[in-house]
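# Remarks on the overall topology
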Amino acid sequence: MQKLSDGELVHLVTADEKEYRLTLKAGSSFKFSGETLLHDDLIGQNDGVQVSLSRGTRFFVFRPTLSQYTLFMPRGAQILYPKDIALITMWADIYPGATVLEAGVGSGALTLALLRAVGEKGQVISYEIREDFANRAIKNIKEYLNESEFGRLLVRPNDIYDGILEQEVDRIVLDLPEPHRVVPHAAQKLRSGGIFLSFLPTVPQVEKVVDALRNESKFDFIETFETLLRPWNIDGRSVRPQLRMVAHSGFLTVARRVSRIEINAQDKL
Ligand code: SAH
């Protein structure tokens, strides 16, 4: 296992799950609950190591998972949450080597997951009209990924409602207010067999995108769903759902791009 090294980003997590973000720097120190923590004491240790300070403060040190990192990174636009990102990557079937078109980049939360899923041979092209958001997102993404991973991202300052420049993309993933306006472009630029996915917070938006997909003969197998993540309390005899949860984030609508040219595949015997 690779030890924690100088320059690495780590999260300090206390027993009551308070979390702090820190970039390790040889010779530096960090004030933690009124005590001083020397970065040098963490450099060279294992990921997941427990540390206790002289006055008894204890915490764990982790390389942040993608979900930890995402929830902590500075935001321009509202991010997609890990539960939705997890579903999006499966339902949009983001695979290694895929070319994925995304809009907009927002704070880069979904983009990070897409980049990880497309792997070394894939590409993510993200359209974003707000330059300030794009810059924020690029900063966030660069901090988590290495150079070669980051190299697979292209951020375009384009309005996706005006059109898509790329041809034959494998997947289109949208997190913006009017995805129905992208449907005609998607029908032209998504390859046959490709997948269109949009995330939307309200029902009227979903109705519009589903209508647009139904009116476009190049799309079929349209489905819409939402997912509720309900955490549970498992503590002695108190085994029950937690009293509070995020009750709503948004709806996913997924459609498949098809070619309606029938081929004659009759038995030739
Ligand atoms: N999925 C992102 C959040 C996206 S928020 C994340 O997880 O961090 C929606 C983004 O879409 C905003 O940044 C907004 O500026 C951008 N946007 C809205 N309309 C757009 C359009 N027509 N073309 C490109 N980007 C657009």
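Calculation rules
Residues numbered from 1 in each chain as written. Predicted model: local features only at pLDDT ≥ 70, side-chain atom pairs only at ≥ 80, totals over all residues. Heavy atoms only, no water. Helix = DSSP H or I, 4+ residues; strand = E, 2+ residues; numbered from the N terminus. Buried < 20%, exposed > 50% of the residue type's maximum accessible area, 1.4 Å probe, protein only. Contact = heavy atoms within 4.5 Å. Expected span 1.5 Å × (residues − 1). Pairing = 2+ DSSP bridges. Axes fitted to C-alpha atoms, helices over the stretch in contact; angles between N-to-C directions. Near = heavy atom within 4 Å. Polar contact = N/O pair within 3.5 Å; in protein donor to acceptor, adjacent residues only side chain to side chain. Nonpolar A, V, L, I, M, F, W, Y, C, P; charged D, E, K, R; others polar.

### Section: the side chain of Ser 107
Within the secondary structure layout, Ser 107 lies in the loop between strand S7 (99-103) and helix H4 (109-118). Exposure remark for Ser 107: the relative accessible area of 2% places this residue in the buried category. Among residues more than four places away in sequence, those in contact with Ser 107 are Met 73, Pro 74, Arg 75, Gly 76, Ala 77, Ile 79, Ala 137 and Asn 140.

### Examining helix H8 (residues 203-214)
In this model, H8 (twelve residues) spans 16 Å end to end at C-alpha, consistent with the 16 Å of a helix rising 1.5 Å per residue. The inward-facing, buried residues of H8 contact helix H7 (183-189), strand S11 (190-200), strand S12 (219-225) and strand S15 (251-257).

### With respect to the sheet that holds S12
Read across the sheet, seven strands follow the order S9-S8-S7-S10-S11-S15-S12 without closing on themselves; strand pairing throughout is mixed. The open sheet has two free edges, formed respectively by strand S9 (153-156) and S12, since each of these has just one partner strand. Neighbour-to-neighbour, the strand axes of this sheet turn through a mean angle of 15 degrees, independent of strand direction. Across five bridges, the pairing between strand S10 (residues 169-174) and S11 is parallel.

### Here's the deal with the site of the ligand
Ser 107, Glu 128, Phe 133, Asp 159 and Asp 175 are the nearest of the 22 residues found near the ligand. Within the backbone of Leu 80, one N or O atom sits 3.0 Å away from an oxygen atom of the ligand. Within the backbone of Gly 104, an N or O atom sits 3.5 Å from an oxygen atom of the ligand. In terms of residue class, the shell around the ligand is built from twelve nonpolar, six polar and four charged.

The quantities given are spatial measurements derived from coordinates; they are silent on function.
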